[in-house]
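An overview of the molecular structure
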Amino acid sequence: MYKHRFVTLIAILTLLFIFLPLVLIIVTSFNSANTISLPLQGFSLQWFTKVFKSRALVQSFKNSFLLAFTASLVGIVIGLVASLALVKRPGRLSKALLSLFLSPSLIPGIVIGYVLFLFLVVKVQLPLRTALILGHLLVVLPYCVRIITASLKELDESLEEAARTLGCPPVKAFVVIVLPNLKPAMTSAFMLSFINSFNNIPVSMYLKGPGMNTLPYAMMNHIEYNYDPTVSALSVMLMGMTLLFMVLLDRSMTRGQAKGVKGE
Amino acid sequence: MKLQHYVLAVGPSLLLAGVCLLIPLLATIIPTFFTPSFSLSSYIDFFSDSFFRTIFYRSLRLSLLTTLITIIIGLPTSYYISLRKEKTRRLLLSLIMFPLLTNAVVRGFAWISILGRNGIINQFFLSLGIIDEPLKLLYTDFAIVIGSVYLFLPVMISTLTSVMVGIGEEVLEASYSLGCSPSKTFFKIIIPLSFSGLLIASVLVFSGTISAYTTPTLLGGNQNMMLASLLYQQSNTLSNWSTSAVIAFIMIVVSMGVMKLFNLLAGKVDRRGEKDV
């Protein structure tokens, strides 16, 4: 290993820069003081109980969870069938459609929220709830399509062909051969979709109606009026959720790789 | 695959992206060019308003600054990570990616607690007696840049690291054995070879910063608006639909324009590489 004192120094400072703010939140969420402050005064779980006592936060958590779950699930299904079509029938049309499906990730989220609100809610007069789900579907579609098409392209076509020559009907070949091989990709797509939908603010901001606030926006409102460690405590719980997702994601990816090796 | 199956399969996504995004987008933006006959006057009006112009230039300036800072911090850090053994590298990368998966509100809140009037920095300096009054750190351009760097540094580092890992140790060995110092190797070998990754990451950071809403709103406040908060203010608070549509189109043009520009640049760099070979 070569010694680069300067590089090492910067790397350590960067890691501190990335982690100290998160550590600060974690530490102060267990602190008994009424504000985010150091030095610590004493251990307390009151901020965590406060999160559960806040109806706005609990309700918006449920809303966000359900919304992210629905959007990711539907996104995976429509993304999967679209990806299959795009990969099996390559050509100009498929290329154009692919960029259309990926485009929501290139357009600023706030613009998506705004035009959806203007068109779907004001002009077409869709109910807000439907518009919110459609908006979140748009948020997740690029992740689903990008990850699943990439995985499909890597998949060895001869596997499916072999099944077909051995007399397997197309649908069964798909379910038995293709689908299991896509599992890691679909898991990653689901996780990334869920995280992005769950954390989304700009789209939800325009399309949330009365009584269906999403969690990130509720947190933003909370910060505006209160400056206490309740949000820290909630953040710690969300970090825990993120960590769980990361571990699951990592597992599904490594299992996918292992399968790939075995396949060779 | 038969054509009708193809249509059936892409149908739902096409409906979603077409009817829920493309058509609303066009329906919003096309009218900005007709007042009532074709003209650019909405855009001329936007740029002749000094309030709007200030926000436009601030957004460009802060996004550019954020991109530069993430490059300066990201290059050495990624180099460091790329030189670790695979296990350490994976661990460091997941640690760095972790904030990216947490909510932008959480990250913004962390910086509010640090930079705020009663935040950690002010508490610290006040208790030491270095300052008598709290410094105004929050609700400044500085806070927006810190928050945005914090937001997008993981993107820069993960992209650069994966490119640098691909460079391979032989190249470094060659450079060292030919008498290049570590710093010279870094500037003459590592940076040029990771240039394409640097471009991609820069685009992501720049367009991400210029279209972000949460971070600039939490850390910049009402005094230091960026384009996204301006769009929200004009559309939601003031119901000023025509100006909002103009801002929306400007945001699309800027973020997509930068992407196209950098793609062209990246293409040139790649071709230059081919010629060298």
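Reading the values: rules and limits
- Residues numbered from 1 in each chain as written.
- Chains lettered and ligands numbered in written order.
- Predicted model: local features only at pLDDT ≥ 70, side-chain atom pairs only at ≥ 80, totals over all residues.
- Helix = DSSP H or I, 4+ residues; strand = E, 2+ residues; numbered from the N terminus.
- Contact = placed C-beta atoms within 7 Å.
- Buried ≥ 20, exposed ≤ 12 C-beta atoms within 10 Å, placed from the backbone.
- Nonpolar A, V, L, I, M, F, W, Y, C, P; charged D, E, K, R; others polar.
- Domains from an automatic or database assignment.
- Core = buried A, V, L, I, M, F, W, Y, C linked by C-beta atoms within 7 Å.
- pLDDT = per-residue confidence, 0-100.
- Axes fitted to C-alpha atoms, helices over the stretch in contact; angles between N-to-C directions.
- Parallel < 35°, antiparallel > 145°, perpendicular 65-115°, else oblique.
- Left-handed = near helix turned anticlockwise from the far one by under 90°.

Right, let's get into the overall build of chain A. Across its full length, chain A carries 11 helices and 0 strands. When its helices and strands are written in sequence order, chain A yields α-α-α-α-α-α-α-α-α-α-α. Seen through its principal axes, chain A has C-alpha atoms that stretch 70 × 65 × 35 Å. Sequence-distant contacts, at least 24 apart, represent 76% of the contacts inside chain A between residues at least 6 apart.

The next point concerns the overall build of chain B. When helices and strands are tallied, chain B shows 13 helices and 0 strands. From first element to last, N terminus to C terminus, chain B shows the α and β order α-α-α-α-α-α-α-α-α-α-α-α-α. Oriented by its inertia axes, the alpha-carbon framework of chain B measures out at about 75 × 70 × 35 Å. Across the 277 residues in chain B, those meeting the buried criterion constitute 42%.

On to unusual backbone geometry. Its identity as a non-glycine residue notwithstanding, Gln 125 of chain A has a phi of 60 degrees, on the positive side. With respect to the helices, strands and loops of the structure, Gln 125 of chain A is situated in the loop between helix H5 (109-123) and helix H6 (128-154). The backbone of Tyr 139 of chain B shows a phi angle near 60 degrees, a positive value even though the residue is not glycine. Within the element layout of this structure, Tyr 139 of chain B appears in the loop between helix H6 (120-128) and helix H7 (141-165).

Taken residue by residue, the interface counts 57 residues in chain B and 63 residues in chain A. Of all the elements in the fold, those that place two or more residues in the side of chain B that touches chain A are helix H1 (3-29), helix H3 (50-82), helix H4 (86-101), helix H5 (104-115), H6, helix H12 (227-237) and helix H13 (241-276) of chain B. Per element, the largest residue contribution to the side of chain B that touches chain A is 14 residues, and it comes from H1 of chain B. Of the residues contributing to the side of chain B that touches chain A, the split by class is 43 nonpolar, 14 polar and no charged.

Residue and element names in this part refer to chain A. When its domains are assigned, chain A resolves into domain 1 (1-44) and domain 2 (55-232). Centre-to-centre separation of domain 1 and domain 2, based on C-alpha positions: 34 Å. The interface of domain 1 with domain 2 comprises 7 residues on the first partner and 4 residues on the second. In the side of domain 1 that touches domain 2, the residues fall into 2 nonpolar, 5 polar and no charged.

This brings us to the nonpolar core. Leu 116 of chain A together with Leu 227 and Leu 231 of chain B are the most contacted members of the largest nonpolar core, which has 139 residues in total. In terms of residue count, the dominant contributor to this core is H7 of chain B (14 residues). Composition of this core by domain shows at least three residues from each of domain 1 (1-44) and domain 2 (55-232) of chain A. Leu 231 of chain B has contacts with Ile 110 and Tyr 114 of chain A together with Ser 244, Ile 247, Ala 248 and Met 251 of chain B, leaving out every residue within four places of it along the chain.

Here we take up the confidence of the model for chain A. Per-residue confidence for chain A gives a mean pLDDT of 84; residues scoring 70 or more make up 94%. Low pLDDT (under 50) marks residues 258-264 of chain A, which in the prediction has 1 contact with non-local residues, meaning those over four places away or in another chain.

Turning our eyes to something else, we now look at the packing of H5 of chain A against H1 of chain B. A pair of packed helices is captured by two measures, namely the crossing angle of their axes and the spacing between those axes. At a minimum axis distance of 9 Å, the contact between H5 of chain A and H1 of chain B shows a crossing angle of 85 degrees. The angle between the axes of H5 of chain A and H1 of chain B places the two elements in the roughly perpendicular class. Touching Ile 112, Val 115, Leu 116, Leu 118, Phe 119 and Leu 120 of chain A of H5 of chain A are Cys 20, Leu 21, Pro 24, Leu 25, Ala 27 and Thr 28 of chain B, all from H1 of chain B.

All names here are of chain B. On average, residues of chain B score 86 in pLDDT, and 96% of them are at 70 or above. By mean pLDDT, the top-scoring element of chain B is H3 (93), and the lowest-scoring one is H13 (79). Every residue in residues 273-277 is under pLDDT 50, and counting partners more than four places away or in other chains gives 0 contacts. The ipTM for the predicted assembly is 0.87, set against a pTM of 0.87.

The next point concerns the packing of H7 of chain B against helix H10 (residues 195-211) of chain B. Residues and elements named next belong to chain B. With their axes 9 Å apart at the nearest point, H7 and H10 run at an angle of 160 degrees to one another. In terms of their interaxial angle, H7 and H10 are classed as roughly antiparallel. Remark: the crossing between H7 and H10 carries right-handed chirality. Residue-level contacts link Ser 148, Phe 152, Val 155, Met 156, Thr 159, Leu 160 and Val 163 of H7 to Gly 197, Leu 198, Ile 200, Ala 201, Leu 204, Val 205, Gly 208 and Thr 209 of H10.

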